[in-house]
Amino acid sequence: MKNILITGGAGFIGSHVVRRFVNIHPEYNIINLDVLTYAGNLANLKDIEDKPNYTFIKADICDFDTVCQVFGQHAIDGVIHLAAESHVDRSISNPFSFARTNIMGTLSLLQAARQYWADDMNGKMFYHISTDEVYGDLPLSGGYFTEETTYRPHSPYSASKAGSDHFVRAFHTTYGLPIIISNCSNNYGPCQFPEKLIPLFINNICQNKPLPVYGRGENVRDWLYVEDHAAAIDLIFRQGKVGSTYNIGGNNERSNIELVKLLIQIVDRLLGRPEGSSEHLITYVTDRPGHDLRYAIDSSKLRDELGWQATHSFEEGIEKTIRWYLNNPDWMAHVTSGEYLNYYNKQYPGS
Ligand code: NAD
Ligand code: TDX
């Protein structure tokens, strides 16, 4: 039985990763360590919280002493590190919290792993979940990020993720820590905090609120269904080559305005409104400073080495996602009211 520490497991991607590991890997004890910021929500994991191979710990990855205690008490064999400040707009208004959590928090986990595994690194693994935004951006005319693309982060968020990636690689080179990094494109799916484009706009369309499209909506993102990302993480964690980087992408580029019109079309249809009637909600607003123009991922290394491929088409994934938000109005209401924070802070008092 191996003991796997998953950080940030109460967040969007983390909750899908935790559920997948708890349900399909009974050979692992999953320890979910999350401080429950505004983005962490244990309601995302209600269905698995009583499983015998699952433990939740409310703690801050920056709290080095507590992280060391967790390594010792739970005899951690592997780490899948997702805890982070993840929203680009927040990083523009408050870069300090991004440097603290994403860089110092990652360093705290690396240092604990290095100390705890010092006598025997065999079979151990420190896996950092990172983003394609570390590579900067691409022109609309073409090109793809590969694992060899030079780092050129533009936002405080991507700079902090680039910094954490560099620390992870430095611990491999300097101390021999067994590490893997994956850099993924934009995820979408159930349980994403409604500050990100897709859940924010689905909610606003339902409520007849304006849809704030930055600039002219020409920026392009490569969208991947979150369960396909979780499946890639599972494969890379178990079969990836130590010291390697893997790019993960959806091979599914859309301009923001194209995506917003598709969301409107589907939500209108599902709500019984004339399709496209909510387009009047589109409101062009001042662009995000330093807004990356286009992301596109070449994930052929992951496909060729480990046989991964996405199983959800965009049409299937986006309809499934929209139906989930429409069928879970209580989740959205609680998240937007902040009620869940009060509830879970009572259950798990602490920092
Ligand atoms: P999220 O914001 O939904 O969740 C982050 C989680 O981390 C939350 O549960 C939060 O409580 C926890 N957390 C934050 N600070 C913490 C701290 N100091 N100590 C312990 N826990 C803390 O993020 P997400 O979108 O699920 O992203 C997860 C990871 O994947 C991040 O590392 C992000 O950079 C990366 N990533 C995200 C995307 C995407 O499209 N969302 C794409 C590529 C990579
Ligand atoms: O209100 C909005 N209006 C708008 O036009 C919001 C919230 C976003 N946008 C644009 C900005 C981006 O071009 O939509 C696109 C997607 O925006 P976000 O959902 O904020 O995602 P992005 O900035 O691309 O970053 C995401 O993908 C990579 C995640 O938040 C990161 O954590 C991940 O690393």
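Our structure is the block above this text.
Everything numeric in this text was worked out from a predicted model, so none of it was measured.

## Side note on the packing of helix H10 (residues 314-327) against helix H11 (residues 329-337)
Next up, step 1: For the pair H10 and H11, the least separation of the axes is 5 Å and the interaxial angle reads 75°. Comparing the axis directions of H10 and H11 gives the class roughly perpendicular. Together, Trp324, Tyr325, Leu326 and Asn327 of H10 and Pro329, Trp331 and Met332 of H11 make up the contact between the two elements.
Next up, step 2: Residues of the contact of H10 with H11, tallied by class, amount to six nonpolar, one polar and no charged.

## Overview of the packing of aromatic side chains
Next up, step 1: What the rule picks out here adds up to 17 aromatic pairs.
Next up, step 2: With centroids separated by 5.1 Å and ring planes inclined at 35°, the aromatic side chains of Tyr135 and Phe145 adopt a geometry described as tilted. One end of the pair, Tyr135, is in the loop between strand E5 (125-131) and helix H5 (156-175); the other, Phe145, is in the loop between E5 and H5, with 10 residues separating them in the sequence. Both residues of the pair, Tyr135 and Phe145, belong to the buried class.
Next up, step 3: For the pair Tyr188 and Trp223, a centre-to-centre distance of 6.5 Å together with 75° between the ring planes defines the contact as edge-to-face. Here Trp223 lies in strand E9 (residues 220-225) and Tyr188 lies in strand E7 (residues 186-188), a separation of 35 residues in the sequence. Each member of the pair, Tyr188 together with Trp223, is buried.
Next up, step 4: Taken together, the aromatic side chains of Tyr135, Phe145, Tyr151 and Tyr295 make up a single cluster linked through ring pairs.
Next up, step 5: Sitting over the ring of Tyr38, Arg90 keeps its end group 3.5 Å from the ring centre.
Next up, step 6: Directly above the ring of Tyr175 sits Arg114, whose terminal nitrogen or CZ lies 3.7 Å from the centroid.

Cut-off values and rules
- Residues numbered from 1 in each chain as written.
- Chains lettered and ligands numbered in written order.
- Predicted model: local features only at pLDDT ≥ 70, side-chain atom pairs only at ≥ 80, totals over all residues.
- Heavy atoms only, no water.
- Axes fitted to C-alpha atoms, helices over the stretch in contact; angles between N-to-C directions.
- Helix = DSSP H or I, 4+ residues; strand = E, 2+ residues; numbered from the N terminus.
- Parallel < 35°, antiparallel > 145°, perpendicular 65-115°, else oblique.
- Contact = heavy atoms within 4.5 Å.
- Nonpolar A, V, L, I, M, F, W, Y, C, P; charged D, E, K, R; others polar.
- Phe/Tyr/Trp six-rings, centres within 6.5 Å; stacked < 30°, edge-to-face > 60°.
- Buried < 20%, exposed > 50% of the residue type's maximum accessible area, 1.4 Å probe, protein only.
- Lys NZ or Arg CZ within 6 Å of the ring centre and 35° of its normal.

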